[in-house]
Amino acid sequence: CVFQSNDARREGGAIFSEGSLLTIQRCTFRGNSGCGGGVVRLDGGVISDCVFELNHGGYCYDGYNPAGNPILAAGGQITIERCRFTHNTDLCGGCSRIYPTAKVTFEDCLIEGGLGEVDGVIAMHGGTATFRKTTFRNNGSAWTGGAISGRGSVTLEDCVFERNNSYYPSSHGGAGAITLVYG
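Parameters and conventions
Residues numbered from 1 in each chain as written. Predicted model: local features only at pLDDT ≥ 70, side-chain atom pairs only at ≥ 80, totals over all residues. Heavy atoms only, no water. Phe/Tyr/Trp six-rings, centres within 6.5 Å; stacked < 30°, edge-to-face > 60°. Helix = DSSP H or I, 4+ residues; strand = E, 2+ residues; numbered from the N terminus. Buried < 20%, exposed > 50% of the residue type's maximum accessible area, 1.4 Å probe, protein only. Core = buried A, V, L, I, M, F, W, Y, C linked by side-chain atoms within 4.5 Å. Contact = heavy atoms within 4.5 Å. pLDDT = per-residue confidence, 0-100. Salt bridge = Lys/Arg side-chain N within 4 Å of Asp/Glu carboxyl O.

Chemist: What's the story with the packing of aromatic side chains in this structure? I'm lost.
Modeler: The geometry of an aromatic ring pair comes down to the distance between the two centres and the angle between the two planes. Evaluated as defined, the whole model comprises seven aromatic pairs. Consider the rings of F52 and F85, whose centres lie 4.7 Å apart with planes at 10 degrees: the pair is stacked. Here F52 is found in strand 9 (residues 51–53), whereas its partner F85 is found in strand 13 (residues 84–86), with 33 residues between them in sequence. An identical accessibility class is assigned to F52 and F85; each is buried. Ring centres of F136 and F161 lie 4.7 Å apart, and the angle between their planes is 5 degrees; on these two criteria the pair is classed as stacked. A residue pair is termed long-range when its members are at least 10 positions apart, and F136 in strand 20 (residues 135–137) and F161 in strand 23 (residues 160–162) qualify at 25 residues. Following the ring pairs from residue to residue traces out a cluster consisting of F3, F29, F52, F85, F106, F131, F136 and F161.

In structure tokens:
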């Protein structure tokens, strides 16, 4: 499947899934945008062997939460494996935003060239994230960790962090790769 140039004023510029398990395999998501989960919004499922490139989260002018990252992990158990995320941008997480009830595993993924304007490319809003054999390369954030930022539980296994940046570190810290805070 190819999802290209889709847009939504709310969650899920390409796919919105709530209360269902979703399986996505061998798909390309290119140039999609939206507020609150610009490409895929899900509560549980598996995403494997997919490409997410050039997706962008826009600003929402109606007071809704302004974030359009490629994957909004709203809750449940989510596995993302053998996927490539390149040149995605957003206000809150250029790759994924993880909510408190979500348990997300990234395995054997490449996350490259992403920009989170406030948060890192992985924006932790609580929840649990495990990264195995995942490479973070050339990602950036204006204020916090360029690769991973926010609050929650993070486990790293056999990962590579290369040339990630925090351009204007905030009072909460601004490590180039990872910034996690309590609260």
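Still more to cover.
Chemist: Can you walk me through the nonpolar core in this structure?
Modeler: What tends to happen in soluble globular proteins is that the nonpolar side chains get buried as a cluster. One finds V40, I47, I80 and I122 to be the most contacted residues of the largest nonpolar core, which totals 31 residues. Secondary-structure elements contributing two or more residues to this core are strand 4 (22–25), strand 7 (40–42), strand 11 (71–73), strand 12 (76–81), strand 16 (102–107) and strand 19 (122–132). Filtering out sequence-adjacent residues up to four positions away, V40 remains in contact with I15, L22, I24, F29, I47, F52, P70, I71 and L72.

Chemist: In this structure, what is going on with unusual backbone geometry? I would like to understand it.
Modeler: Glycine aside, residues mostly have negative phi, and peptide bonds are mostly found in the trans state. One non-glycine residue, L54, lies in the positive phi region at around 60 degrees. Positionally, L54 belongs in the loop between strand 9 and strand 10 (56–57). Residue L54 is classed as exposed on the basis of its relative accessible area of 53%. In the Ramachandran plot, N138 falls in the positive-phi region, its phi being about 55 degrees despite a non-glycine side chain. Its location among the elements puts N138 in the loop between strand 20 and strand 21 (140–141).

Chemist: Honestly, the confidence of the model for the protein chain in this entry has me stumped. Any pointers?
Modeler: In regions of low pLDDT, the predicted coordinates are not meant to be interpreted in detail. Here the protein chain averages 83 in pLDDT, while 84% of its residues score no lower than 70. Residue range residues 61–66 is modelled with pLDDT below 50. Its contacts to residues more than four positions away, or to other chains, number 16 contacts.

Chemist: When you look at the pattern of salt bridges in this model, what are you seeing that I'm missing?
Modeler: Oppositely charged side chains are able to pair whenever their charged atoms sit close together. Tallied over the entire structure, the rule returns ten salt bridges. When the shortest N-O distance is used, the salt bridge between E18 and R41 registers 3.6 Å. A residue pair is termed long-range when its members are at least 10 positions apart, and E18 in the loop between strand 3 (15–16) and strand 4 and R41 in strand 7 qualify at 23 residues. Of the charged contacts, one joins R132 and E107 as a salt bridge, the two residues approaching to 3.6 Å between their closest N and O atoms. Taken together, the residues span a long stretch of sequence, with R132 in strand 19 and E107 in strand 16 at a distance of 25 residues. Among the residues examined, R132 registers a relative accessible area of 29% and is labelled partly exposed. Relative accessible area serves as the criterion here: at 30%, E107 is assigned to the partly exposed category. Sharing partners across several salt bridges, the network here consists of E112, R137, E162 and R163.

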